[in-house]
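# Examining the three-dimensional arrangement
Each chain, written out:
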Amino acid sequence: MWNLDVEAGPIYAQIVRGVERMLANGVLKPGDKLPSARELAAALKVNPNTVIHAYSQLEMAQVSETRRGLGTFVREDVNVEGIRLRILQEAAQRFWSEVQSLGLGLEEAQKALLSLSPNTREAQ
């Protein structure tokens, strides 16, 4: 559920992305309690301050909220669809940049995407 990659940027940012991905794919839902900073830090073998920093970033982005004495929770009013769309757009931007760096265009990009679709593979 929680994966870190030393080459994937700052650990706190990976934790933020992990929470957002879990929200986007339904593993986490609005109102769910997040692990305590100490618990998550122990599980990931990182400094608790790193998790605290990630949680503060999630609060600033209005994804989570801290309830005094209770812990950190996913906000009830979190915009899951907005998070899902942003993650998809970021992936599309990375893909499109790769397409362009190869000197290819939209048609080749569409063919590549269609070749990955299970429906397209079944039709072949």
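Let me sum up the structure you'll find in this document. (Residues numbered from 1 in each chain as written. Predicted model: local features only at pLDDT ≥ 70, side-chain atom pairs only at ≥ 80, totals over all residues. Heavy atoms only, no water.)

### So, unusual backbone geometry
With phi around 60°, Lys-45 is a residue other than glycine that occupies positive phi space. Considering the arrangement of structural elements, one finds Lys-45 in the loop between helix H2 (37-44) and helix H3 (48-60). For Lys-45, a relative accessible area of 75% translates into the label exposed. A positive phi angle, near 60°, is found at Gln-62, a position not held by glycine. (Helix = DSSP H or I, 4+ residues; strand = E, 2+ residues; numbered from the N terminus. Buried < 20%, exposed > 50% of the residue type's maximum accessible area, 1.4 Å probe, protein only.)

### Brief notes about the nonpolar core
Leu-23, Leu-28, Val-51, Val-63 and Val-78 are the most contacted members of the largest nonpolar core, which totals 23 residues. Among the elements of the structure, helix H1 (11-24), H2, H3 and helix H4 (80-101) are those that each provide at least two residues to this core. The leading source of residues in this core is H1, at six residues. Excluding residues within four positions of it along the chain, Leu-23 makes contact with Leu-28, Lys-29, Pro-30, Val-63, Val-74, Val-78, Val-80, Ile-83 and Arg-84. (Core = buried A, V, L, I, M, F, W, Y, C linked by side-chain atoms within 4.5 Å. Contact = heavy atoms within 4.5 Å.)

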